[in-house]
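Residues per chain, in single letters:
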Amino acid sequence: MGSSAAHQLKQLKPLYQHVVNNFVAVLAAPLAVAAVVNAARVGPDELIGRLQALRAVHVFLAVFVAAAAATLYVMLRPRSVYLVDYACFRTRPNCRVPFATFLEHAKLVTFVEGASIDERSVRFMTRLLERSGLGEETCLPPAHHYIPPYRNMEASRAEVELVIFSAIDDLLAKTGISPNAIDVLVVNCSLFAPIPSFTDMIIHRYGMRPDIRNVHLSGMGCSAGLISVGLAKNFLQVAPKGAHALVVSTETITPNYYVGKERAMLLPNCLFRIGGAAVLLSTSRARARFRLARVVRTLTGAQDSAYRCVFQEEDGEGHRGINLSKDLMTIAGDALKANITAIGPLVLPASEQLLFALSFIARRVLNRHVKPYLPDFRTAFEHFCIHAGGRAVIDELQRSLGLSDQDVEASRMALHRFGNTSSSSVWYELAYIEAKGRMRRGDRVWMIGFGSGFKCNSAAWECIAPACTAEGPWAESISRYPVDIPEVLKH
Amino acid sequence: MVFEQEQEEVAPGAVHGHRLSTVVPSSVTGEVDYALADADLAFKLHYLRGVYYYPPGEVARGLATKVLKDPMFPWLDDYFPVAGRVRRAEQEAAGGEGDAGAPRRPYIKCNDCGVRIVEAKCDRDMDEWLRDDAPDRLRQLCYDKVLGPELFFSPLLYVQITNFKCGGLALGFSWAHLIGDVPSAVTCFNKWAQILSGKKPEDTVLTPLNKPVQGQSPAGVTAPRSVKQVGPIEDHWLVSAGRDMACYSFHVSDAVLKKLQQQQKGRHDAAAGTFELVSALAWQTVAKIRGGDVDTVTVVRTGAAARSGKSLANEMTVGYVASAGSSPAKTDVAELAALLAKNVVDETAAVAAFQGDVLVYGGANLTLMDMEQVNVYALEIKGLRPVHVEYGMDGVGEEGAVLVQPDADGRGRLVTAVLPRDEIDSLRAALGTALQVA
C-alpha cells in the first residue's frame, strides 16, 4: 500500500471513530427520521385514532414492564465508588540520600563484620544507579543513614509511623473527615508484617471505632496498592450507604537492606525508596474528586517462570534479599498483555475494539504476518500512571502501549524525584499530574501496577474535580520538573 | 531512637558504642567544584580537633541526636564544600613543565556526600572526666580519622556526640585544616548552633572563588624555615610522626597572667600581649624539658585585619622567630615574649607558594598558634553555654605545637600542647612550678 493511501486512512480514522463509537445514535437517527416522516405522512388524526385504539391494559403493561426493568437494573448494579481525596507522604530533606552518600555507605558496609557485600558489588551498584533514572533527591528512612543500617523492629516501626501517620494526618486535614467516621481500613505493605499489624497501629493512634472492618495485606508486591483499592471497593458494596474506606499503601524499606553480594539481589537496594500514600474512598459522591470506574486484576503465577520472577530468599551466605530474575521484562510484558486483554473491552471505545477484533480475525484466518493491532489507549484515557518500577519497566511499557513521552512523563519524573516507592508510586504520579495542572474534569486516568507473583493490576478513574490546592509531595520541587534524565548520570 | 548493639568488650570509663551516620545538605548542590587555594593545600596534613563540654541539666537532657542533626541539613546548604570530597584534577596535557609523576592538584567535588556524625557514650560523669586531666582525652571525644587512605571516601568533617553518665554532653569536631583555618571552622560551627537555636545566621561567603594555581615558587627551592618539607604524600594525608603525639590542656589563670605582665613592666619594650606572654611561657617550659634546643619557633596567628571575609579560607599568618643566641630555657619569659612580639619573620606567602608537601605545625620547629580572637564559647546550644572548650590538633610533627585559646570567663587562657606522649609527664611537672602565682 502506498504511503498516500496510508495517509488517507489516517485522515479517515476520526470519521471512522465517530461512526463506530456512536453506532447506536448513527443507527437511531435515520430510523427516528423515518418514523417522523411516516407519522407526518399518516396525519395527526389518523395517529390519534390509532392511539385511542390501544387497550389500557397493554399500555399499562408496557409502562410497568419498562419501569420494573429499570428499577431492577438500578438496584442490582454495583454501587459507584468515589475517591474523596488522597495524600502522599511528603519526604523530608533530612531523609535525603544523594548518590555519593549511597555509594560511600555501601563501600563502608563492606568493612562491617557479617556483611558479604564487596568491592565488585559496590561497582555494580554504581553502574546500576547511574543508569537507574533516579535523581539526587530520593529519600531513605533514618535508619538507613547509619553505617551499617539498622534493620531491627524498632527502627522499622519508626519508619512506618513516620510515613503512614504523616500521610494520614495530611489526608484527614484535606478532607476534614474525623477518624471515627471511617468504616473500612485496608493497609498494604509487602515486606514488613509485625504484630500487632499496621491497621492496629492506625486504629490505636487515631482512636477509630471498635467495629471498623480492617485488613492488612502483606506479601502482595508492588501492585498491592491497587489490590487494596479493589478490596476496599468490595467492602463498600456491603457497608452502609455513604461509608468511608481508608486505604494506606506503603513499603517499609528499613528491614530490607541486603548485605550480600548476589547481583540479582542488589537491585532493590538501589531502587527502593521511602514513600507511602493514604487514600479515602466512599460510596457517597459528596466532595468526591474521582470516580473509580474499574479495577482489573490479572495474575500469571500459575506459570513457574512468573512465580519465581521476583522471589524473596536467602542467598548462598544466608543474607536475605529479593531475587529479580533476568526475564523480568518479558514476564512483565506478558502480564501486561493479559491485563490489557482483560481491561481493553471494558474501557476502550467501540471503534478500537472493532479494529482489534478485525486484526485478530485477520491474523487467525488470513495471514500470520499481519501485525497485531495495538489498541490506542489514548482514546480511553487522558493520563497514565505507570508504576515507577525502574527505568526499564517504564520504557518497556511505553513501547508496548505505544505511548508518547508526555504520557509517561509522570512515571519518569516520579522515579527521578522519589525513586521506586513500590505500591504508592502510582499516587505520587497522580500527584505530579495534578501539581502540573493537567487534570481536568472528565479526564480519565489509568493506573497500572506490577508486582511479584507476577501480577499486573489496573485501576481506571474518572476525574470529577481537579485538586484545588498546590499542597502535596511535589509542592517544593514541581517547578524544577520535568527534567531531562540522562542515559548515564555523571557523579 | 535507641539502637543498642553492645557486643564489644569495653575498657571501664572508655568512650564506646560508636554509631556512625551521615548528614547531607538539604538541597541538591549540583555539579559544582570548589577549588583549593595554595594556602589551603599547605595545611592539608593537619586536622583540628575541638571538644565542647556541656553540663548536665534540663537543656542537655532535651538534646536528642535528632535535635542536633536536623539543623545540620540546612547548615550544609550554606557550607556545601564541607560536605564534599577530595578529588584530584584531571591530568593536564603532557609536555608541560610538571613531571609526569607529580600528583595532580586536589580540589573538592561538591557532591553532597555529607558530614559524618558519630554517636558514642561514656560511663563516667563529665566532672570526673574533666578533673582526671588525662592526656589525650581529646582523641576519645573526637573521631580521630584523617583524609585517606581512601581519599575519595573521606569526610572533611566528623562530629562526635558523646553522652556522659551524668547527662552531660560533649561535642567533638574533627575538621580537616585543608578546608579552612580555625576562625573559619569555629564560625562554621557557631552558625550551626545559631540555626539550632532558631536564629538566622549571617550569609556564608564563598566568593571570590579560589584561583586554582597561583604564583608557584620554582621547584628545587628549599622549604621556608617555618615549615618542614615531607612526602611526597600520596592518598593518605597524614605524616605519621615517629613518636606518638598526645594533646594536653592546661589553664593559665588570670593571676598568672597578671604576674607575667608585671614581669615585663620594667622593660622598655613592654609591647607583648597575652598571646606572646603565654606562648613564651610555653616555649620556655618546653625548652626546659627538652634540655635546650628549641631555638626557633614557628608562629601561626590570626590577624583579624588581614581576613578577606570569606567563610572558608586558610588565612592565618605563618612566620618564625629565632631566639637571639641564648637558650630559651634560660631566657626570661618577658624577653621571649618581646621576641615574639617584634621579631617574627613573616613567611605566609612563601609557605603558600612552596610546591612540595609541608608540615606547618610541629614540622620544622615547635609551633605556637594564636587562637585568642576566636570566639569558641559562642557555640551556645539552645542558650546553653559550654563549660569548657579545648582545641587540639592531629597530624602535628614531632617538634610539637601549642595552641593558645580563650578560657571560659575570658580573662585567663587555656593552652593545649600537642607533644610526644613521653614528654607530657615532664611538661606537667614543669608547669607545676611555672604556673605558680609566686
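It should be emphasised that the depicted structure is a prediction, and the values quoted were computed from it without experimental measurement.

S.K.: Hey, could you run me through the overall build of chain B in this one?
M.R.: Secondary structure assignment for chain B yields 12 helices and 18 strands. Radius of gyration (C-alpha) of chain B: 22 Å, near the 22 Å computed for a compact globule of 438 residues. Taking the principal axes of the C-alpha coordinates as reference, chain B spans close to 65 × 60 × 40 Å. Across the 438 residues of chain B, 56% fall into the buried class. Sequence separation of 24 or more characterises 81% of the internal contacts of chain B that already satisfy a separation of 6 or more. Carbon and sulfur atoms make up 50% of the accessible area of chain B, which totals about 17900 Å². Taken together, the 44 basic and 56 acidic charged side chains of chain B have centroids lying 3 Å from each other.

S.K.: Just to check I follow, could you spell out the overall build of chain A for this structure?
M.R.: Broken down by element type, chain A carries 16 helices and 12 strands. Once the C-alpha set of chain A is aligned to its principal axes, its extents read approximately 100 × 65 × 45 Å. Per-residue burial over chain A gives 51% buried out of 491 residues. For chain A, the proportion of contacts with a sequence separation of at least 24, taken over those separated by at least 6, is 80%. Accessible surface, chain A as shown: approximately 23300 Å² in total, 59% of it carbon and sulfur. Positive and negative charge centroids in chain A, built from 53 and 43 side chains respectively, lie 7 Å apart.

S.K.: Got a minute to help me understand the pattern of salt bridges in this structure?
M.R.: Residue and element names in this part refer to chain B. For the structure shown, the criterion picks out 52 salt bridges over all chains. A salt bridge links D132 to R124; its shortest N-O distance comes to 2.5 Å. Between D254 and R411 there is a salt bridge, with its nearest N and O atoms 3.5 Å apart. Residue D254 is found in helix 8 (residues 254-263), and its partner R411 is found in the loop between strand 17 (401-406) and strand 18 (413-420); the two are separated by 157 residues along the sequence. Three or more residues are tied together by salt bridges with common partners; here these are R49, D136, R139, D144, D244, D394 and R421.

S.K.: Would you take a moment to explain empty space enclosed by the protein for this structure?
M.R.: Gaps left between atoms are located by rolling a probe of water-molecule size over the structure's atoms. Residue and element names in this part refer to chain A. Per the counting criterion, the structure on display carries 5 cavities of 30 Å³ or more. For the largest cavity, the calculated volume is near 90 Å³. Forming the walls of the largest cavity are V97, T101, F102, H105, V109, L140, H144, H145, Y146, P149 and Y257. Looking at the lining of the largest cavity element by element, the count peaks at 4 residues for helix 5 (residues 99-109). Classifying every residue of the lining of the largest cavity by side-chain character gives 7 nonpolar, 4 polar and no charged.

S.K.: I tried to follow the sheet that holds strand 2 (residues 146-147) of chain A on my own but got confused; where do I start?
M.R.: Hydrogen bonding along the main chain pairs the strands of a sheet, whether they run parallel or antiparallel. Taken together, the 7 strands give an open sheet; going across it, the order is 2(A)-1(B)-6(B)-7(B)-8(B)-3(B)-16(B), and neighbouring strands pair in mixed fashion. The open sheet has two edge strands, strand 2 of chain A together with strand 16 (388-394) of chain B, and neither has a second partner. Where strand 1 (residues 15-23) of chain B meets strand 6 (residues 115-122) of chain B, 7 bridges bridge the pair, whose relative direction is antiparallel. If you follow V15(B) over to strand 6 of chain B, its bridge partner there is C122(B).

S.K.: Looking at this model, I keep getting lost on a positive patch on the surface. Mind explaining?
M.R.: A contiguous patch of positive charge on the surface is contributed by R120(A), R123(A), R127(A) and R263(A). No other element matches helix 6 (residues 119-131) of chain A, which puts 3 residues into the positive patch.

S.K.: Please explain the packing of helix 9 (residues 274-290) of chain B against helix 12 (residues 421-434) of chain B as it appears in this structure.
M.R.: How two helices pack is summed up by the angle between their axes together with the distance between the axes. All names here are of chain B. Two numbers describe how helix 9 lies on helix 12: the axes approach to 9 Å, and their chain directions differ by 125°. By the angle between their directions, the pair helix 9 and helix 12 is classed as oblique. With respect to the hand of their crossing, helix 9 and helix 12 are arranged in right-handed fashion. Contacts from L281, T285, I289 and R290 in helix 9 reach E423, S426, L427, A430, L431 and A434 in helix 12.

S.K.: Please clarify how the interface of chain B and chain A should be interpreted in this entry.
M.R.: As a measure of interface size, the accessible area lost when the parts come together is often cited. Taken together, the 30 residues of chain B in the interface contact 24 residues of chain A. Our enumeration of links across chain B and chain A arrives at 4 salt bridges. Measuring nitrogen to oxygen at the nearest pair gives 2.7 Å for the salt bridge that ties D112(B) to R96(A). The tally of links between chain B and chain A comes to 16 residue pairs in polar contact (both at pLDDT 80 or more). If you list the elements that add at least two residues to the side of chain B that touches chain A, you get strand 1, helix 3 (65-69) and strand 6 of chain B. As paired strands, strand 2 of chain A and strand 1 of chain B are joined by 2 bridges and run antiparallel to one another. Counted as the bridge partner of Y146(A) is S21(B) from strand 1 of chain B.

S.K.: Please clarify how the nonpolar core should be interpreted in this entry.
M.R.: Here is a general trend for soluble globular proteins: nonpolar side chains tend to be buried in one another's company. Membership of the largest hydrophobic core comes to 93 residues, with the highest contact counts inside it found for Y52(B), L171(B), W175(B), F189(B), W192(B), Y361(B) and Y391(B). When residues in this core are grouped by element, the largest group, 8 residues, is from helix 7 (residues 182-196) of chain B. Counting 74 residues, the second largest nonpolar core, distinct from the first, contains V163(A), Y206(A), L292(A) and F418(A).

What counts and how
Residues numbered from 1 in each chain as written. Chains lettered and ligands numbered in written order. Predicted model: local features only at pLDDT ≥ 70, side-chain atom pairs only at ≥ 80, totals over all residues. Heavy atoms only, no water. Helix = DSSP H or I, 4+ residues; strand = E, 2+ residues; numbered from the N terminus. Rg over C-alpha atoms; globule rule 2.2 N^0.38 Å. Buried < 20%, exposed > 50% of the residue type's maximum accessible area, 1.4 Å probe, protein only. Contact = heavy atoms within 4.5 Å. Areas by Shrake-Rupley, 256 points an atom, 1.4 Å probe, with all protein chains shown as cover. Lys, Arg positive; Asp, Glu negative; His and termini not counted. Charge placed at Lys NZ, Arg CZ, Asp CG, Glu CD. Salt bridge = Lys/Arg side-chain N within 4 Å of Asp/Glu carboxyl O. 1 Å grid on protein atoms, 1.4 Å probe; cavity = no way out; pocket = protein on both sides within 12 Å on 5 of 7 lines; lining within 4 Å. Points joined across faces, edges and corners; volume = space filled by probe spheres on them. Nonpolar A, V, L, I, M, F, W, Y, C, P; charged D, E, K, R; others polar. Pairing = 2+ DSSP bridges. Patch = residues over 30% accessible without salt bridge, like charges linked within 9 Å, V, L, I, M, F, W, Y side chains within 5 Å. Axes fitted to C-alpha atoms, helices over the stretch in contact; angles between N-to-C directions. Parallel < 35°, antiparallel > 145°, perpendicular 65-115°, else oblique. Left-handed = near helix turned anticlockwise from the far one by under 90°. Polar contact = N/O pair within 3.5 Å; in protein donor to acceptor, adjacent residues only side chain to side chain. Core = buried A, V, L, I, M, F, W, Y, C linked by side-chain atoms within 4.5 Å.

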